[in-house]
Amino acid sequence: MAVTHTILFSGHMIDGPDPGLQPRFPAENEEKVKEAILAYLKGTSQPVKGIASGACGGDILFLEACLELGIPGEMYLPFVPGVFKQQSVSFAGRQWEMRFDKLLAGLSVHVLGTTGEGNVYQQVNEWMLTEALHNGAEQMTLMVVWDGVKKGRNGGTSRMVEAAEKHNVKIKIINPLF
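Analysis parameters
- Residues numbered from 1 in each chain as written.
- Predicted model: local features only at pLDDT ≥ 70, side-chain atom pairs only at ≥ 80, totals over all residues.
- Heavy atoms only, no water.
- Salt bridge = Lys/Arg side-chain N within 4 Å of Asp/Glu carboxyl O.
- Helix = DSSP H or I, 4+ residues; strand = E, 2+ residues; numbered from the N terminus.
- Buried < 20%, exposed > 50% of the residue type's maximum accessible area, 1.4 Å probe, protein only.
- Phe/Tyr/Trp six-rings, centres within 6.5 Å; stacked < 30°, edge-to-face > 60°.
- Expected span 1.5 Å × (residues − 1).
- Arc of directions from axis to C-beta.
- Contact = heavy atoms within 4.5 Å.
- Pairing = 2+ DSSP bridges.
- Axes fitted to C-alpha atoms, helices over the stretch in contact; angles between N-to-C directions.

## Regarding the pattern of salt bridges
All told, the structure shown has six salt bridges when counted by the stated rule. With a closest N to O distance of 3.8 Å, Lys 49 and Glu 74 form a salt bridge. Of this pair, Lys 49 sits in strand E2 (residues 48-52) while Glu 74 is found in strand E3 (residues 73-77), placing the two residues 25 residues apart along the sequence. Given a relative accessible area of 23%, Lys 49 falls into the partly exposed group. Owing to a relative accessible area of 17%, Glu 74 belongs among the buried residues under this scheme. The shortest N-O distance in the salt bridge between Arg 159 and Glu 162 comes to 3.5 Å.

## Regarding the packing of aromatic side chains
The final tally for this structure, using the stated rule, is four aromatic pairs. Centroid distance Tyr 76 to Trp 127: 4.7 Å. Interplanar angle 80°. Geometry classified as edge-to-face. Taken together, the positions of Tyr 76 in strand E3 and Trp 127 in helix H5 (residues 120-132) put the pair 51 residues apart, joining distant regions of the chain. Given the relative accessible area of 2%, Tyr 76 is considered buried.

## Things to note about helix H4 (residues 94-106)
The terminal C-alpha atoms of H4, which comprises 13 residues, lie 19 Å apart, in line with the 18 Å expected from a rise of 1.5 Å per residue. Along H4, the residues that are buried comprise Trp 96, Glu 97, Arg 99, Phe 100 and Leu 103. Buried residues in H4, looked at end-on, bunch into an arc of 165°, giving them a common side. Those residues of H4 that are exposed and aimed more than 90 degrees away from the buried face are Lys 102 and Ala 105.

## A few points about helix H1 (residues 30-42)
The end-to-end C-alpha distance of H1, which contains 13 residues, comes to 18 Å, matching closely the 18 Å that a straight helix rising 1.5 Å per residue would cover. Inspection of H1 places Glu 30, Val 33, Ile 37, Leu 38, Tyr 40 and Leu 41 among the buried residues, and these make up the whole buried set. All buried residues of H1 project into a common sector of 165° when viewed along the axis, lining one side. More than 90 degrees from the buried face of H1, the exposed residues found are Ala 39 and Lys 42. The elements touched by buried residues of H1 are strand E1 (5-11), helix H2 (58-69), H4, strand E5 (140-145) and strand E6 (170-174).

## Section: the sheet that holds E6
Taken in spatial order, the six strands make up an open sheet running E4-E3-E2-E1-E5-E6, and their pairing is parallel. Every interior strand has two partners, whereas the edge strands, strand E4 (108-111) and E6, have only one. Going across the sheet, the axis of each strand differs from the next one's by a mean of 20°, ignoring polarity. Judged from the four bridges that link them, E3 and E4 form a sheet pairing that is parallel.

## Details of the environment of Ala 65
With respect to the helices and strands, the residue Ala 65 is situated in helix H2. Considered as a pair, Ala 65 and Leu 38 are 27 residues apart in the sequence and their alpha carbons are 5.9 Å apart. Those residues within four positions of Ala 65 in sequence are excluded, and the remaining contacts are Ile 37, Leu 38 and Leu 41.

Structural data, given as structure tokens:
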């Protein structure tokens, strides 16, 4: 029986409405990012499962792709879904909220249930990484939608890449700036 390969996903949220911020994932690149995620997932030959959080942008695109391709997917959240949606989805608009709600109904959802101590986004990233490494580093890939900028923020994509590198896992990078 083949061991399941886990694809752990981390990535930028879709850019919000503030034009003063440096672009990381422009909304006009959503379709290109989705196509890149689907192409990678279609190229996997062994049984896989997907793990991601649920923020608007990369997380939602990845989990939607898993559902579309019949890949078992799991959503990991630092807070109960309503609070998470308010903090990490709603700013992007009603369409993203509806997509998040659809994923909630179709996936296994795990909630960290933090006490609010420390950086809960970093805690959920560590939790997801631990789960993804369950079958060993050789049975895990980290897929990221990331502009390559190392900001060093706890809970961010660059920190997830750093953590995965320490375990020598394969990393697939999709740059949302094309």
